[in-house]
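Residue-level structural notes
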Amino acid sequence: MRYAYAITSALLLGGTAVTLAVQPSATSAQTAQNEPGAINASAPRMGAPMSFADMVAKLQPAVVNISTKQRITAANTPNPFAGTPFEQFFNNQQGGGGRPREGSSLGSGFLISADGYVVTNNHVIAPGAPNATVESVTVTLADQKEYEARVVGRDAASDLAVLKIEGRNLPFVRFGNSQQARVGDWVIAIGNPFGLGGSVTAGIISAVNRVTGNPGQQAAFDRFIQTDASINRGNSGGPMFDMQGNVIGINSQILSPTGGNVGIGLAIPAEQAKPIVDTLMKGKTPTRGYLGVGLQAIDEDLAAALGVDRNKGELIRSVEPGQPAAAAGIRQGDVVTRVNNQEVTPQNNLSFIVSNTPPGTRIPVEVLRDGRRQTLTVTVGTRPSDEDLAGGFQMDEEGQAGPDAMIKPQENAPAGVTVQPLTPVIARTLGFEASTRGVVVAATDPNSDAATKGLRRGVVIMSVNRTPVTTAADFAAQIAAARRANRPSVLLYVMVPRAPVGTYIAIDID
């Protein structure tokens with residue numbers, strides 16, 4: 001390893017880059033990739049620097065530090081000793097609640113215009129907890145001048161936001177063409193890791209079109225540029241530059257078992273970011289296509305059972321009534337193989353294709369049903385917000401579906417339990433796999449046996465009397481059937497957030 005580092009240092013100091021040119025052998029149809037004489041060092045590509053210093057001197061003034069001030073309202077903590085002689089002791093320690101406290105966040109961004117438009121990640125300026133509010137956003141330039149920033153627009157799905165500061169003749173940079181980025185190209189990341197101020201790191205592009213989400217669910221918008229340039233907390237929102245000084249990515253995430261850099265940094269490609277940034281600058285909300293289906297990746301076992309190639313196409317797990325897919329005749333159990341004349345693969349899945357299709361567009365969807373291929377025409381709808389998809393389900397500051405997120409139980413709720421469908425967004429919010437099926441408890445009557453047995457908001461009910469339930473109507477129907485059979489109770493199979501396995505409980509229904 002020491003020898004490898006020495007070679008790298010020499011290449012940097014000498015201003016050279018190595019290009020691998022594989023030459024086919026004239027004597028053999030098949031040769032090793034590293035056949036002697038097949039690989040030669042060639043002259044560096046145009047723009048390979050002896051030092052990054054001159055480039056950084058030009059670019060760094062346009063990179064900014066972004067900080068927020070937040071006010072966090074502590075949720076009232078229920079007194080577990082209410083009605084007992086110990087009630088006053090709990091109140092003395094906890095105060096029955098908490099006083100508001102201040103919070104903050106730090107991140108990076110960059111100016112894209114001389115009059116003060118700034119691009120960053122949405123999570124840099126977002127509240128750090130459901131009960132937090134952002135009171136102010138401050139942008140600090142490289143010369144330490146501070147500006148109060150106004151949030152022009154934000155988009156949680158792409159994790160992008162646009163701010164505006166009041167200024168003239170400010171230093172700024174332009175977006176480049178990320179489609180020309182190649183694995184192995186040099187890149188530079190500039191940002192404010194750990195709040196240290198302007199920091200520069202260099203590396204190469206490790207991968208392009210990197211997908212990190214769950215197939216069919218979180219993979220709708222995440223096609224990242226991966227780099228080994230050091231990116232840490234606080235780099236979020238900062239720019240990734242190519243060797244011509246063009247912004248080809250926005251540093252957004254890291255993959256790390258420790259929370260620090262391990263050589264896997266992820267940037268949103270400019271080709272995806274710029275159209276969204278342009279929309280946000282106009283004060284508009286980005287729109288995305290939507291079909292209204294639940295998807296499941298096709299693994300080896302499913303491929304064998306369905307008689308299809310592995311990782312070719314996606315399985316329709318569910319179809320939402322009244323949405324475009326249902327209107328077009330797409331059914332549960334269909335295998336979607338092509339969408340809008342594009343093959344469906346793990347890297348180019350249905351969610352990604354559809355989300356990047358303008359709403360209102362009529363597109364062909366090829367499905368495999370009962371061994372036969374057929375093509376359906378779908379009119380793409382508009383994707384609802386994550387909040388709408390989640391049905392307003394929220395978590396409290398401690399990551400629990402707790403008292404501050406409680407809603408009142410419905411009157412005459414079956415067995416005193418108010419439920420709602422478990423959407424993929426709610427499932428992920430609760431820490432379950434997006435494919436988990438069932439209903440989620442929204443509220444319970446505190447006087448019910450269900451509440452006594454520990455059934456609370458956030459618990460997922462997967463079956464009632466061993467019958468799967470996925471809607472509130474399913475749940476009510478099973479309770480009603482038990483009453484008609486004169487049963488005093490029902491058997492529920494439930495899963496609790498952050499619990500490793502499910503469990504059966506019986507609750508009285510009278």
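Let me sum up the structure you'll find in this document. (Residues numbered from 1 in each chain as written. Predicted model: local features only at pLDDT ≥ 70, side-chain atom pairs only at ≥ 80, totals over all residues. Heavy atoms only, no water.)

1. Details of the pairing of strand β16 (residues 314–319)
Looking along a regular strand, one sees side chains alternate from face to face of the sheet. We apply this condition: Two strands are counted as paired when DSSP detects at least two bridges linking them. Helix numbering and strand numbering both begin at the N terminus, where a helix is a DSSP run of H or I of at least 4 residues and a strand a DSSP run of E of at least 2.
Note that strand β15 (residues 293–297) and β16 share 5 bridges and pair antiparallel. Each residue of the ladder has a partner; that of Gln296, found in β16, is Leu315.

2. Some remarks on the pattern of salt bridges
The condition that has to hold: The working definition used for a salt bridge is a side-chain nitrogen of Lys or Arg within 4 Å of a carboxyl oxygen of Asp or Glu. Between buried and exposed lies partly exposed: a residue is buried under 20% and exposed over 50% of the maximum accessible area for its type, with that area taken using a 1.4 Å probe on protein chains only.
Enumeration over the complete set of coordinates arrives at 10 salt bridges. Note that Glu166 and Lys164 form a salt bridge whose closest N and O atoms lie 3.8 Å from each other. A salt bridge links Lys312 to Glu343; the nearest nitrogen and oxygen atoms lie 3.8 Å apart. Here Glu343 lies in strand β18 (residues 342–343) and Lys312 lies in the loop between α6 (300–306) and β16, a separation of 31 residues in the sequence. On the accessibility criterion, Lys312 (37% relative accessible area) is partly exposed. Judged by relative accessible area, which is 39%, Glu343 ranks as partly exposed.

3. Things to note about the environment of Ile276
Structurally, Ile276 can be placed in helix α5 (residues 270–281). With a relative accessible area of 14%, Ile276 lands in the buried category. It is 9.3 Å that separates the C-alpha atoms of Ile276 and Thr287, two residues lying 11 residues apart in sequence.

4. Quick look at α5
Going by this rule: By definition here, a helix of n residues has an expected span of 1.5 Å times n minus one. It is the directions from the helix axis to the C-beta atoms whose arc is reported.
Taking 1.5 Å as the rise per residue, α5 with 12 residues should run 16 Å; its terminal C-alpha atoms sit 16 Å apart, in good agreement. Along α5, the positions that sit buried rather than exposed are Ala270, Ala273, Ile276, Val277 and Leu280. Summarising the axial view, the buried residues of α5 lie within an arc of 140 degrees, below the 170-degree limit, and thus occupy one face. One or two residues past the end of α5 sits Gly283, with phi positive at roughly 80 degrees.

Such coordinate-based values are descriptive only and should not be taken to indicate function.
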